[in-house]
Amino acid sequence: MSIEQSIELSLPIVYKVDQAITAKQFVELLAKTTLGARRPINEPETIEAMLENANLLITAWQGEALVGVARSVTDFAFCCYLSDLAVDESVQATGIGKTLIRMTKEALQPKCSLILLSAPQAVDYYPKIGFTQHNSAWVLTNIDDLK
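Residues numbered from 1 in each chain as written. Predicted model: local features only at pLDDT ≥ 70, side-chain atom pairs only at ≥ 80, totals over all residues. Heavy atoms only, no water.

Undergrad: Would you explain the sheet that holds strand β4 (residues 79-87) in this entry?
TA: Sheet strands pair via backbone hydrogen bonds, and the direction of the pair is either parallel or antiparallel. Strand order in the open sheet formed by five strands is β1-β2-β3-β4-β5, and the pairing between neighbours is mixed. Either end of the sheet is taken by a strand with one partner, and the two such strands are β1 (13-17) and β5 (113-115). Ignoring strand direction, the axes of neighbouring strands in this sheet form an average angle of 25°. Bridge analysis of β4 against β5 gives three bridges, and the strand direction is parallel. Opposite Tyr 81, over in β5, you have Ile 115 as the bridge partner. Sitting on the sheet, helix α4 (residues 96-106) touches β1, β2 (56-62), β3 (65-74), β4 and β5, and the angle it makes with β4 is about 155°. (Pairing = 2+ DSSP bridges. Helix = DSSP H or I, 4+ residues; strand = E, 2+ residues; numbered from the N terminus. Axes fitted to C-alpha atoms, helices over the stretch in contact; angles between N-to-C directions. Contact = heavy atoms within 4.5 Å.)

Undergrad: I'm lost on the packing of aromatic side chains in this one. Help?
TA: Any aromatic ring pair is given by two values, namely how distant the centres are and how the planes are angled relative to each other. Enumeration according to the criterion identifies two aromatic pairs in this entry. Taken together, a centroid distance of 5.1 Å and an interplanar angle of 75° make the contact between Tyr 125 and Tyr 126 edge-to-face. Between the aromatic rings of Tyr 126 and Phe 131, the centroid separation amounts to 5.3 Å while the plane-to-plane angle is 70°, which identifies the pairing as edge-to-face. Geometry around Trp 61 places Lys 16 over its ring, the cationic atom sitting 5.2 Å from the centre. (Phe/Tyr/Trp six-rings, centres within 6.5 Å; stacked < 30°, edge-to-face > 60°. Lys NZ or Arg CZ within 6 Å of the ring centre and 35° of its normal.)

Nothing here speaks to function; it is geometry throughout.
Right under this line is the structure:
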């Protein structure tokens, strides 16, 4: 480990609510996670729309480096869809993801449900931190599949 790397590791994590990030910053973070394989990181217009149309964004920063994002679409009262929870793999298992989730929930009214679809690699993580599994989620991606 270089001196520069050890300094970066010692920097505190700073969390921000609704701090705008660029599509480039988001893509760079996604590429450092398993979520990157399931997001359109090669479609800048889609990434930009994802950021512009989210109405709750919690970010984690280590110095100038974006190391975590919780991106949600919500009405703040009844339900909140946490559509992206991404933490740089180099700082995973340090509590950043849990803090991003906690801050997301704290931005909502108390009875508002937090809903997410888990990445396959994270299905065991969410029950450990208090989520309950819901067995009736449905996804329609292609309008031609609508019968």
